[in-house]
Amino acid sequence: MMESWLAQHKNSITDPHQLAEHFAVHAGELAQVAQRYPLRLTTYLLKRITQPSDPLGQQFIPQLAELNNDVAQLVDPLNEELLSPVPHLVHRYPQRVLLLVAGSCFSYCRFCTRKRKVGCEDMAVSFGDILKGIDYIADHPEVNEVILSGGDPLTMSDRLLEDILKRLQRIAHVEVVRIGSRAPVVLPARITPALCEMFGRYQPLYFLTHFNHPAELTVEAIEACRQLVNAGVPVVNQTVLLRGVNDDATLLHKLFYSLHRLRIRPYYLHQMDLTCGTGHFRTRLEDGITIMDQLRGPLSGLAVPTYIVDLPGGHGKVPVTPDYVQRLGAQAQLRAADGTLIDYPQW
Ligand SMILES: *Cc1c(COP(=O)(O)O)cnc(C)c1O
Ligand code: SF4
């Protein structure tokens, strides 16, 4: 019998006309966008979207604005292609690598950093590619942490995931594994007792998920995370700061405190990358700083994430605090880990 999550995954909405049956959207316009950036959302999400402008609607229903090409936006803002010594592996920090094990997701977030390729042909990952990535890791003793990402690694079967975890476990210098997945938000049924039990056998394994709005904390999502934590798998969260979705201190306070109570550690709050086709979601750096200022103090320190900017050009992540570097009119300058000052547009 097909697992219920797999049946749900296969049943997802991928045709703009299906969306037009539910919402006041223009199927022709949606199709134009979906041709460039794939459309997919689970029926689980569909049931929870009341209109395209609500927090989930904005994150998953395509908008014409995605076709705007701002000159300041980049197709590959983090220079991941250049930092890939072998396909689907990004090695930017000596001690840890990102291994992109899956090319697709259960639902496509319209603001995705990798929207240039996620769900597309050139993102498809073969098992041979994964093995080459694992060989690269085995050949690099400085790597002690591997981050499985994609796409969404949980689109793979438990068997394949376990195969990868087993191979990584055999490499003595790999001490910690992280697995990044938005399944708890978009398809909580994917977090089965069998999956949690398997993950529990590969400790220390961190589960890195991605809640952006309190409305995503449904009974099902909460149960999925509870199962992971109970199985010995710490759950940490990254949130992307999205204009018109969650760029509000009261709302984020509620989100981070709720996560904290559920034993999910708010890890990063990301400033939107300069990814092409995502300009309509981008906030100004100052807005994020103001929000962080309002959280620190009223909110338990354990629930306060680090606000970070992933610098354009692959210069790495930098924390942004109110005393961040200098303002130069429409630009800010941020200091990369190697000391270089990088221009960053203010928006
Ligand atoms: C974000 C990222 C990491 C992990 O960084 P942490 O600060 O440890 O979470 C590693 N490699 C790449 C390429 C990344 O983008
Ligand atoms: S789940 Fe992650 S990789 Fe997939 S579309 Fe959303 S942000 Fe991108």
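Residues numbered from 1 in each chain as written. Chains lettered and ligands numbered in written order. Predicted model: local features only at pLDDT ≥ 70, side-chain atom pairs only at ≥ 80, totals over all residues. Heavy atoms only, no water.

S.K.: Go over empty space enclosed by the protein, please, and point to the residues and values.
M.R.: Taken as a whole and assessed by the stated rule, the structure comprises 2 cavities of 30 Å³ or more. When its volume is computed, the largest cavity comes out at roughly 1,100 Å³. For the largest cavity, the lining is made up of 47 residues, of which T113, R114, S149, Q238 and H270 are closest to its centre. The set of elements that each furnish at least two residues to the lining of the largest cavity consists of β1 (89-93), β2 (96-100), β3 (145-149), β4 (176-180), β5 (205-209), β6 (235-240) and β7 (264-270). (1 Å grid on protein atoms, 1.4 Å probe; cavity = no way out; pocket = protein on both sides within 12 Å on 5 of 7 lines; lining within 4 Å. Points joined across faces, edges and corners; volume = space filled by probe spheres on them. Helix = DSSP H or I, 4+ residues; strand = E, 2+ residues; numbered from the N terminus.)

S.K.: Before we move on, can you summarise the site of ligand 1 with the specific residues and values?
M.R.: The environment of ligand 1 is formed by V90, R92, Y93, R96, L98, I147, R178, Y267, Y268 and K317. Measuring from an oxygen atom of ligand 1, one finds a side-chain N or O atom of Y268 at 2.5 Å. Contacts to ligand 1 include K317, whose side-chain N or O atom sits 3.0 Å from an oxygen atom. In the complex, the protein chains occlude 89% of the 390 Å² of accessible area that ligand 1 would expose alone. If you map ligand 1 onto the pockets, it falls in the largest cavity. When residues of the shell around ligand 1 are traced back to their parent elements, those giving at least two are β1, β2 and β7. With 3 residues, the top contributor of residues to the shell around ligand 1 is β1. (Near = heavy atom within 4 Å. Polar contact = N/O pair within 3.5 Å; in protein donor to acceptor, adjacent residues only side chain to side chain. Areas by Shrake-Rupley, 256 points an atom, 1.4 Å probe, with all protein chains shown as cover. Sits in = over half its atoms within 2 Å of the grid points.)

Read these as spatial facts, not as claims about activity.
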